Amino acid sequence: MSATRRRTKTKTPSASTLKDHTTDSEPFIPVPSRQGFLNDRTDFTLDPSLIFDQLPQPFRRINKILERIFDDAWTIIEQHDKQRVSEQSKFVSAQHTSSTIINTPFPISIIGSHTSGTLCFLNGMFNEQSYLVCYDNQVDEIVNQVMIDSVLKQMIVFKLEASIKNTIYFLSVIDKSGYWKMMAYKNQQYYLLFTQFETEDDSKRPLCLMTQIGLKDDYLVVSWFGVNHDSWIEVYKLPKEQWKTEIANQEQAIAASKNQAEENTTDPSIEGELTLIRAQFSRPSLLFKAKAPKFSPGSNNFQQLMKNTENSSNIGQGTANHFFTSQIIDYRTVLIRDLMLQSKKIDVADRPIAVPKADLLPSIIPNILFIPAGTPTGSNTLAVSWPTTNQLLIYKVSKPESKGKEASDARPMSIWPFSTRITSLSYDAKHEHLAVALQSGNVCIIERTNGVKDLPTIQHISSDSISDIHALDSLEYSFNINNQKKHNGFFMLSDDGKIYQVKFKSLLSNDNMDEQQNIAVCFPPEQSKDTSKIVQMMFFNCNPSNLFVSINELNRVYINDALKCTQLCEIVLSESTKNENEALQIALIDDARSVIIGVPENNKQSEENQTSSLRLYRVPLEHFPSLETYYPERKSPIIDEIEPVIETKSSKTAVSHSKKKEQPVIEMDKTALLFDEKIKEIFLQRQSHTIERRERLRTRWNEIKLHCNPVYDQTT
């Protein structure tokens, strides 16, 4: 009994301290590591087993260590449990496996297409000869091929569409030798429009580095690198209507020569190999050219310096902009060092001044963006940023007013300086906002309506550099978005592999001003199991405009909805042996209803500079369950009416029955009839296949979904 009284009367200092911090209305709950030290509020008389004696040292320290180990282990168990629940809630995007391999007669190295076109152009080598191949997505087969002079390293495709029969595809290509060429394709015939700076001596001509089209494909800018290691750009106005007329004349001449050849021979004509037609075509008119700024070491010629400053010809040329040239700066540095240091003085005049020599600059490719006019009476502009400067130069897309030898050289309308290098440009035509992505991870928004009156909006996106930026233009109608007010903003791809969405103050209402401050990561989604870094994004730039293709570092291809921040599906390619060292090539065709993916194969290359061949896959998108709601119904195609061909030859059976002017004998063109019948047959066959495939998918969806992700219908 005495022992029991002794245990009940035992009170530790820690227990009394804990009692002082509690109140009558607040029950005391001891932590697990302090359960051995109970206070007076614990009803220990009902459960004497809860009362423990205070252990002597070193057992008390051992007990505390064990309790701490237990608490830490319990915390780790809770964290693992939360992580397990989070992993179970993550989803895997639906896998799109309905891809077919495009069989090509020889290895392909580059692909090019137009988003709204149905043709895709390929380039490859066979027996040391380069070929240009045309693939038709409607019939899913290669239509024809033609030999060209050299292998291509870049190909941009745009078109002039009046009807199905009169559609002309224009190809702006750059070959391995650095030649810039323009080609055309119409009715299964290739035309070489021109070759720029064609000469026999390659050492005396500049090299073409890049071409880019803009302003409804009416203008084209070309980047050059000269023999003197200088870089510049040239802006051209494309004479597409003149080319259309000249190509029609060439078609008539070819048809006449074929008819004459058929009349001269009695044997049935055998169609020869398709050739590239070389004729005299109009050249695009040069509007202006702009040179890249150079950094010179400075000059002592102050008169020339003042002259260059007055006519603004030394913009962005470093120390040459200032009266304190590098020689003067070096001279003053020597004086300050001799005056400040306790050393033997040396005559400064006897000391040679080291003048740095200007190194030969490598070839540089600028960032270029065409900006359309805001009003019908306004002027189109061109934004240019060179990798060697931190300036954004704005040029007017028109011929300069100056005359003389350098009449084509244009001065910038305005210059925007930045603290770091410009990595990407984008423009929102609806809100007239120019977005400038910087290497520092910031994005700067310049409002065209205010211009230099208001300071631009600057937003920090990421600590890494921004590699790409895209403006989701509200003028592009989206089929599945009802509220057009939400259809705006900029999407930026950072070097950390994440895509951010940013809205700015002028795009937001007063109630939603906080949205600008909360920059959220849209892709990859947090609930996705594949969180690899995204290395490339490619928006559809058509209806639907809010969809885009993303490729991560594992070369996995996803189709995403930018506005909903949702991964719609993953494109899984069959029999794919990917070469992770090279990027995939993506070509959208038929209004982004299909996509052509070129996967570099892991073949052994005999030469170091030889590009690996591509395995081509055709992936239809519009009939996939998670994507079919994004595509509108197809419009009926425009088919040419059959035009009669006037027979110019005199007919012996024609008899004049009246004194009126004789009516010409009309004969139907058999070639046009056969072409129209073939086109009608193709569309009817394609429409029937589409309806059958859609109905088959709908009726067998319960069976098909068993092979897809079980949580496919869940949204994040």
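Cut-off values and rules
- Residues numbered from 1 in each chain as written.
- Predicted model: local features only at pLDDT ≥ 70, side-chain atom pairs only at ≥ 80, totals over all residues.
- Heavy atoms only, no water.
- Phe/Tyr/Trp six-rings, centres within 6.5 Å; stacked < 30°, edge-to-face > 60°.
- Helix = DSSP H or I, 4+ residues; strand = E, 2+ residues; numbered from the N terminus.
- Buried < 20%, exposed > 50% of the residue type's maximum accessible area, 1.4 Å probe, protein only.
- Core = buried A, V, L, I, M, F, W, Y, C linked by side-chain atoms within 4.5 Å.
- Contact = heavy atoms within 4.5 Å.
- Polar contact = N/O pair within 3.5 Å; in protein donor to acceptor, adjacent residues only side chain to side chain.
- pLDDT = per-residue confidence, 0-100.
- Pairing = 2+ DSSP bridges.
- Axes fitted to C-alpha atoms, helices over the stretch in contact; angles between N-to-C directions.
- Salt bridge = Lys/Arg side-chain N within 4 Å of Asp/Glu carboxyl O.
- Patch = residues over 30% accessible without salt bridge, like charges linked within 9 Å, V, L, I, M, F, W, Y side chains within 5 Å.
- Areas by Shrake-Rupley, 256 points an atom, 1.4 Å probe, with all protein chains shown as cover.

**Structural notes on the packing of aromatic side chains**
- Summed over the entire model, instances satisfying the criterion amount to 18 aromatic pairs.
- Between Phe523 and Phe548 the ring centres are 5.1 Å apart and the planes differ by 85 degrees, which places this aromatic pair in the edge-to-face class. In this pair, Phe523 is assigned in strand E27 (residues 520-523) and Phe548 in strand E29 (residues 547-552), connecting sequence segments 25 residues apart.
- Assessed through its relative accessible area of 1%, Phe548 is described here as buried.

**Details of the nonpolar core**
- Within the largest apolar cluster, 26 residues are counted, with the highest numbers of intra-cluster contacts made by Phe540, Ile571, Val595, Ile597, Leu621 and Leu627.
- Contributing elements (two or more residues each) for this core: E29, strand E30 (557-561), strand E31 (566-571), strand E32 (585-589), strand E33 (594-600) and strand E34 (614-620).
- Those residues in contact with Phe540, other than ones at most four positions away along the chain, are Thr115, Leu547, Phe548, Val549, Ile559, Leu588, Ala592, Leu621 and Tyr631.
- Counting 24 residues, the second largest nonpolar core, distinct from the first, contains Ile174, Trp180, Met182 and Ala184.

**Overview of the environment of Lys181**
- The residue Lys181 is located in strand E9 (residues 180-185) in this model.
- The spacing of Lys181 and Cys208 is 27 residues in sequence and 9.8 Å in space, taken between C-alpha atoms.
- A distance of 3.3 Å separates polar atoms of two side chains, one belonging to Lys181 and the other to Asp149.

**Points about the confidence of the model for the chain**
- Taken residue by residue, the chain gives an average pLDDT of 75. The fraction at 70 or more is 65%.
- A low-confidence stretch, residues 513-517 (pLDDT under 50), is modelled with 10 contacts involving residues beyond four sequence positions or located in other chains.
- Predicted confidence is poor over residues 709-716, with pLDDT under 50, and the contacts of this stretch with residues over four places away or in other chains come to 11 contacts.

**Looking at the sheet that holds strand E22 (residues 442-447)**
- Taking strand neighbours across the sheet as the criterion, the 4 strands line up as E20-E21-E22-E23 in an open arrangement whose pairing is antiparallel. Two strands lie at the open edges of the sheet, namely strand E20 (422-428) and strand E23 (457-460), each paired on one side alone. Strand-to-strand, the axes of this sheet are offset by a mean angle of 20 degrees, without reference to chain direction.
- Pairing between strand E21 (residues 433-438) and E22: 5 bridges, direction antiparallel. Residue pairing in the sheet places Leu434 in a bridge with Ile446 of E22.

**Section: the side chain of Thr423**
- Mapping Thr423 onto the fold places it in strand E20.
- Taking relative accessible area as the criterion, Thr423 reaches 14% and is therefore assigned buried.
- A polar contact of 2.4 Å, which involves the side chain of Thr423, links it to the backbone oxygen of Ile466.
- Residue contacts for Thr423: discarding those within four places in its chain leaves Asn367, Ala437, Leu438, Gln439, Ser465, Ile466 and Ser467.

**Considerations on the pattern of salt bridges**
- Tallying each qualifying case throughout the model produces 11 salt bridges.
- The shortest N-O distance in the salt bridge between Lys186 and Glu251 comes to 3.4 Å. Of this pair, Lys186 sits in the loop between E9 and strand E10 (190-196) while Glu251 sits in helix H4 (residues 240-264); the two residues are 65 residues apart in sequence, bridging distant segments of the chain.
- Since its relative accessible area comes to 5%, Lys186 is described here as buried.
- Note that Glu601 and Arg615 form a salt bridge whose closest N and O atoms lie 2.9 Å from each other. A residue pair is termed long-range when its members are at least 10 positions apart, and Glu601 in the loop between E33 and E34 and Arg615 in strand E34 qualify at 14 residues.
- Taken together, the shared-partner salt bridges connect Asp149, Asp175, Lys181 and Arg278 into one network.

**Points about a nonpolar patch on the surface**
- On the surface, Leu55, Phe59, Ile62, Ile65, Leu66 and Ile69 cluster together to form a nonpolar patch covering roughly 580 Å² of accessible area.
- Inspection of the secondary structure assignment puts Phe59 in helix H3 (residues 59-89).

**Details of the pairing of strand E26 (residues 499-502)**
- Here E26 shows two buried faces, one formed by Ile499 and Gln501 and the other by Tyr500 and Val502.
- Across 4 bridges, the pairing between strand E25 (residues 490-494) and E26 is antiparallel. From the neighbouring strand, Leu493 faces E26, where its bridge partner is Ile499.
- Hairpin connection between E25 and E26: a loop of 4 residues separates the two successive antiparallel strands, and Gly497 in this loop has a positive phi of roughly 85 degrees.
- Two elements, E26 and E27, share 3 bridges in a ladder whose sense is antiparallel. Bridge pairing links Ile499 to Phe523 in E27.

**A short note on unusual backbone geometry**
- Residue Pro58 is bonded to the preceding Gln57 through a cis peptide linkage, with omega at 5 degrees.
- Within the secondary structure, Pro58 is located in the loop between helix H2 (13-20) and H3.
- If you check the backbone angles, Lys216 has positive phi at about 60 degrees while not being a glycine.
- Its location among the elements puts Lys216 in the loop between strand E11 (207-214) and strand E12 (219-225).
- At Asn555, a position not held by glycine, the phi torsion is positive, near 60 degrees.
- Looking at the element boundaries, Asn555 is found in the loop between E29 and E30.

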